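Summary of structural features
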Amino acid sequence: MKIYVLIAISAKNKLGFINGSYVEPAIDDKDYPLWSRCNDMVTSWLLNSLTKEIGDNVIYSRKAKDLWSSLEHIFGQSSGAKLYHMQKEISKTIQENNNISGYFTTLNRLWDELDSLNSHLGCTCACNCDGKKKMAKFMEDRRVI
């Protein structure tokens, strides 16, 4: 679900409200009312995407960034149980009566979900040590197995 929310907020050019790049101006700044209105709009989008029970736990976040941080703290932690479940689901996936396209689509969805749980493995540096290539090869080998 996180990816759907990020895509929707990005499409509205409002990612800065959840990643902190749109800094809150001083309350007496002429841009404060505009920032506040946009912040409230993003906050309402986030709250409306949640169940009532979850929303009730984070409804008093004043900034969209704080709300997003709370949600990431609650749901964004990759746990061993989630990783185990994903690996188990991938390993038991078989083609059965599906055509090759449907089977591959299912596997790709599961692999993408696993990759999102392993997002800490991605290298974002501009190194020359072939670390990125080695990691990509490792992930590809894992998928083959």
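For the structure itself, look to the data block above.
Residues numbered from 1 in each chain as written. Predicted model: local features only at pLDDT ≥ 70, side-chain atom pairs only at ≥ 80, totals over all residues. Heavy atoms only, no water.

1. Some remarks on the side chain of Ser61
Note the threshold: A run of H or I in DSSP counts as a helix once it spans at least four residues, and a run of E counts as a strand once it spans at least two, with each numbered from the N terminus. Polar contact criterion, stated in full: a pair of N or O atoms within 3.5 Å, where within protein one must be able to donate a hydrogen and the other to accept it, and residues adjacent in sequence count only if both atoms are side-chain atoms. Any two residues whose heavy atoms approach within 4.5 Å at even a single point are treated as in contact.
Within the fold, Ser61 resides in the loop between α4 (52-58) and α5 (64-75). Of note is the side chain of Ser61, whose polar atom sits 3.1 Å from the backbone oxygen of Val58. Each residue touching Ser61, except ones within four places of it in the same chain, is listed here: Asp66, Leu67 and Ser70.

2. Description of the pattern of salt bridges
Filter applied, for reference: What makes a salt bridge here is a side-chain nitrogen of Lys or Arg within 4 Å of a carboxyl oxygen of Asp or Glu, nothing more. Burial classes follow relative accessibility: with a 1.4 Å probe on protein chains only, a residue under 20% of its type's maximum area counts as buried, one over 50% as exposed, and anything between as partly exposed.
If you walk through the whole model with that rule in mind, you get five salt bridges. Salt-bridge contacts for Glu24 lead to Lys63; the nearest nitrogen and oxygen are separated by 3.1 Å. Of this pair, Glu24 sits in the loop between α2 (16-19) and α3 (32-48) while Lys63 sits in the loop between α4 and α5, placing them 39 residues apart in sequence. By relative accessible area, which is 23% here, Glu24 ends up partly exposed. With a closest N to O distance of 3.3 Å, Lys30 and Asp31 form a salt bridge. Overall, the relative accessible area of 72% leaves Lys30 in the exposed class. Here the salt bridges share partners, and the residues they tie into one network are Glu24, Arg62 and Lys63.

3. Observations concerning helix α7 (residues 100-117)
Quick reminder of the rule: Take the number of residues in a helix, subtract one, and multiply by 1.5 Å to get its expected span.
The end-to-end C-alpha separation of α7 is 26 Å, in line with the 26 Å expected for 18 residues at 1.5 Å each. Residues of α7 that are buried sit in contact with α6 (80-92) and α8 (131-144).

4. Describing the side chain of Thr43
Within the secondary structure layout, Thr43 lies in helix α3. Not counting chain neighbours up to four residues away, the residues in contact with Thr43 comprise Lys63, Ala64 and Leu67.

5. Examining the environment of Gly16
Topologically, Gly16 is positioned in helix α2. Among the residues examined, Gly16 registers a relative accessible area of 4% and is labelled buried. For the pair Gly16 and Asp56, spaced 40 residues apart in the sequence, the C-alpha separation amounts to 24 Å. Setting aside residues up to four positions removed in sequence, Gly16 forms contacts with Ser21 and Tyr22.

6. Looking at α3
Quick reminder of the rule: The arc refers to the directions leading from the helix axis to the C-beta atoms.
The end-to-end C-alpha separation of α3 is 24 Å, in line with the 24 Å expected for 17 residues at 1.5 Å each. Taken together, the buried positions of α3 are occupied by Tyr32, Trp35, Ser36, Cys38, Asn39, Val42, Thr43 and Leu46. Down the axis of α3, the sector holding all buried residues measures 170°, keeping them to one side. Summarising the geometry of α3, the exposed residues directed more than 90 degrees from the buried face are Pro33, Arg37 and Asn48. Of the surrounding secondary structure, the elements contacted by the buried residues of α3 are α1 (2-11), α2 and α5.

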